[in-house]
Amino acid sequence: MLTLLTIRDFVIVDQLELTFSSGFTVLTGETGAGKSLLIDALGLLLGGRADSTLVRQGCDKADLSAEFDLSQLPEVQTWLASQELANEPGEPLLLRRTLDRQGKSRAFINGISATVQQLRELGEQLIDIHGQHAHQSLLRADAQRSLLDAYAGAEAQLQAVRAAWQQWQQALQTLQDAERQQAEREQALSRLDWQIQELSPVALPPDAWQQLLQDHARLSHAASLLEGAQNGVALLMESEQAMLPPLHHLAGHIRELAKIDPTLMEAADLLDSATIQLQEAAYSLRHYGNRTDLDPAELAALDQQLANLYATARKLKLEPAELHAALLSAQQQRLKLLSLSDQDGLRQRVQEAERDYQQHAAQLRRMREQAAEQLGLAVSDTLAQLAMASSRFSVALQALTTPGASGTESVEYRISHHDAPAQSLARIASGGELSRVSLAIQVAMTTVAAVPTLIFDEVDVGIGGRVADIVGRLLRQLGERHQVLSITHLPQVAACGHQHWQVSKGLESGVLRSRITVLDGQTRTEEIARMLGGAQITDTTRQHAQELLAQP
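Residues numbered from 1 in each chain as written. Predicted model: local features only at pLDDT ≥ 70, side-chain atom pairs only at ≥ 80, totals over all residues. Heavy atoms only, no water.

Caption draft 1: Fine view of the sheet that holds strand β1 (residues 2-10). Ordered by their spatial adjacency, six strands build an open sheet running β2-β1-β4-β5-β6-β7, and the pairing between neighbours is antiparallel. Pairing within the sheet leaves two strands with one partner each, and these edge strands are β2 (13-19) and β7 (112-114). Each strand of the sheet is rotated relative to its neighbour by a mean of 15 degrees, with strand direction disregarded. Bridge count for strand β4 (residues 61-68) against strand β5 (residues 93-100) is eight bridges, and the pairing is antiparallel. Looking at β5, one finds that S65 is bridged to R96. (Pairing = 2+ DSSP bridges. Helix = DSSP H or I, 4+ residues; strand = E, 2+ residues; numbered from the N terminus. Axes fitted to C-alpha atoms, helices over the stretch in contact; angles between N-to-C directions.)

Okay, structure coming up:
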C-alpha cells in the first residue's frame, strides 16, 4: 500500500510530505483549495502525462516521490525482478519523477532510471483511481463493455479475440485482393511463362557458360592446336634437327668430364634435368596430339548453341551470362503468383481464421454472460443500500449483426424501477441516480480489484442526505479490505473516515501555497461543521458534526 508521498514545487505546493495509513482516509477543503493536486501528483508518479505548467511558478522543476509497502504484493515484486528494478528484500518500493520547465521529465523506480511505460505498468498494480466524472463515461457503450470485461477478468481473452479478429480480416483482405487482381496476375503469368519458355533451352549456369566458351574456342582452333603439338614433338625428338639427341649426348659427355673435375657435376645435373623436362614435354605434346581431332559436327553444334543463346540475350536485352539468373527470377516470380492465385487455399485460410475468431469470441461471451449476472446482482444490492431498493440493475448482451474486434455482442447497462421492464441506463436514469449507479458499480469493481489502494475523486457528487451517510459507510467498509482515499464535499462521507485531512490554500509571503493538515478531535469537528453549515459555524452545526462523528 501507499505509505509516503513527497511533493516539491508542484503547481501551488512548495513542499509537502504525507504519511499514509491503512483504512479509509478522507480529504476535504474549500473548492479550489488543491484537493485534486494529490490525485494529479500520484497520477504523474504512475506514468501520467507530464506538462511543464505543473511546475510551481518561479521554480526550475517539480520533484515527486512515493513509497509503497510491497510485503503483501508478491506479484509486484516478481514484476520488478523481471524488469531488473527490484529492491533489497523488505525495503519499500520507491517511485520518483521530476519535471522541468521545458516539459522534460525523468522517472525512477527504486533509484533506477525507468521509462514512463514501466511506471504506468507498475502503477496499474498499485493504485486504482476512480474519477469524479466516471458517471458521465458510464453512458458510453465502450465504457460499459470495458467495465464488464474488467469485472469478468476477461482482458486477456479480449486481447485474444482482437488478435484473432485481425488475423481473420487480414486473410479476408488477402483473398479479396487476390480476386481483384486475378486478371493482372494472369497477364503477369503469361509474360513469365513466355520468358521461361525462351530462357529454358539456352540459359546456362555460370560454370556451364564458361565451359561452353572454352569448348567452342578449342574446336574453333583445333587444326592450329594439332599442328602446333605435332611440330613440337618433331622439333624435340623426331626430326633430323631434333633437340633431344644432341642434348642427351652433351649431358653424357659433361658427366664423363665431371669425373675428372667434379665442379662440372652441377652442369651435368642441370643438363640431365633439362633433358628429362624436354622428354616429358614431348610426351605430353604427343598425347595431346593423339586425343585432339577435328570434329566439324560438334563445332557446328556449339556454333548453333551460341547463336541461339546470343539471339535470346538480344531479344531480352540481357548479357548472355545474365540469362540463367533471369530464368531463376522468372521461375520464382511465377511460383509466388501461383501461390497468390490459389484462391481455394486463401478461402480455406479465411475459414480457418474465422473459426479461430468464433472460438475465442464464444469463450469471451461465456465469461461476459457469467460476469453480467454477477455484476447485476452486486450493483442491485448496493443500490438498495443507496435508497434505490426498487431499482434493479442488469447487463444485457445482444448479438451483433456484424462481429467486431471486441466480440460478437454489444453490452448495454439497463435499470428497471418498480418491476417495470428494464431500459437503457442512458434513457431513464436521472443525474442523481446515475451517480449512485456509478458508485455502486465502482464498489462492485473493487471486490475483484487486485490493487491495494483505491482513490475516489469526488465520486459522491450529486448525492446527499441519508444516501450520503450510506456512501460514507460503504467507503469505510472498503477501507477494511483496501487502503481507500476519498476526496469529498459531503460531511456524512467525511465523518466516516478513519483519518481526515484538510486541504487549504493561502498567501504566504505573497505566494499562493497549498497545505494539508491532519485533523483530529476538535479540529475535525470544526471541519465537519464547516461542511455542514458553511462560513457561519454555530453551536448547532458543531453538535450535528459531533453526532456524525460519534456514529458507529
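Once the structure has been displayed, the description carries forward.
Caption draft 2: Summary view of the packing of helix α19 (residues 522-533) against helix α20 (residues 539-550). For the pair α19 and α20, interaxial distance at closest approach is 8 Å and the crossing angle is 115 degrees. Here α19 lies roughly perpendicular to α20, going by the angle between them. As for the relative orientation of α19 and α20, their crossing is right-handed in sense. Touching R524, T525, E526, I528, A529, L532 and G533 of α19 are T541, R542, H544, A545, Q546, L548 and L549, all from α20. Grouping the constituent residues of the contact of α19 with α20 by class yields six nonpolar, five polar and three charged. (Parallel < 35°, antiparallel > 145°, perpendicular 65-115°, else oblique. Left-handed = near helix turned anticlockwise from the far one by under 90°. Contact = heavy atoms within 4.5 Å. Nonpolar A, V, L, I, M, F, W, Y, C, P; charged D, E, K, R; others polar.)

Caption draft 3: Region of the structure containing the pairing of strand β12 (residues 453-457). Burial within β12 is extensive, with five of its five residues counted as buried. Here β12 shows no split at all, with T453, I455 and D457 on one side and L454 and F456 on the other all buried. Strand direction decides the pairing type here: strand β8 (residues 127-130) and β12, joined by four bridges, are parallel. Paired with D128 across the bridge in β12 is L454. As paired elements, β12 and strand β13 (residues 483-487) share five bridges and run parallel to each other. If you follow F456 over to β13, its bridge partner there is S486. (Buried < 20%, exposed > 50% of the residue type's maximum accessible area, 1.4 Å probe, protein only.)

Caption draft 4: Layout of the sheet that holds strand β11 (residues 423-424). The three strands lie next to each other as β9-β10-β11, forming an open sheet whose pairing is antiparallel. Each edge of the open sheet is held by one strand with a lone partner, namely β9 (391-404) and β11. Pairing of β9 with strand β10 (residues 407-417) involves 10 bridges; the strand directions are antiparallel. If you follow L397 over to β10, its bridge partner there is V411. Packed onto the sheet, helix α14 (residues 343-385) meets β9 and β10 and runs at close to 165 degrees relative to β9.

Caption draft 5: Broad picture of the environment of P245. One can find P245 in helix α10 (residues 244-260). A relative accessible area of 47% means that P245 is categorised as partly exposed. Spatially, the C-alpha atoms of P245 and P421 are 129 Å apart, while their sequence positions differ by 176 residues.

Caption draft 6: Quick look at the pattern of salt bridges. This model, assessed by the stated rule, comprises 20 salt bridges. The salt bridge partner of E369 is R365, with a shortest N-O separation of 3.0 Å. Of this pair, E369 and R365 both sit in helix α14, four residues apart, which is roughly one turn of the helix. Relative accessible area serves as the criterion here: at 25%, R365 is assigned to the partly exposed category. A salt bridge links R530 to E527; its shortest N-O distance comes to 2.6 Å. Of the two residues, R530 and E527 both sit in helix α19, three residues apart, roughly one turn of that helix. Here R530 matches E527 in class, with each residue buried. Among the charged side chains, a salt-bridge network with shared partners connects D149, R365, R368, E369 and E409. (Salt bridge = Lys/Arg side-chain N within 4 Å of Asp/Glu carboxyl O.)

Caption draft 7: Inspection of the side chain of R368 at higher detail. When you line up the elements, R368 lands in helix α14. Not counting the four nearest positions on each side in its chain, R368 is found in contact with R145, L148, D149, L158, L397, S406, G407 and E409.

Caption draft 8: How the structure looks around the side chain of Q483. Mapped onto the elements of the fold, Q483 is located in strand β13. Relative accessible area serves as the criterion here: at 2%, Q483 is assigned to the buried category. For Q483, the side chain forms a polar contact with the side chain of T453, separated by 2.6 Å. Those residues in contact with Q483, other than ones at most four positions away along the chain, are M1, L2, F20, S21, S22, G23, P452, T453 and L454. (Polar contact = N/O pair within 3.5 Å; in protein donor to acceptor, adjacent residues only side chain to side chain.)

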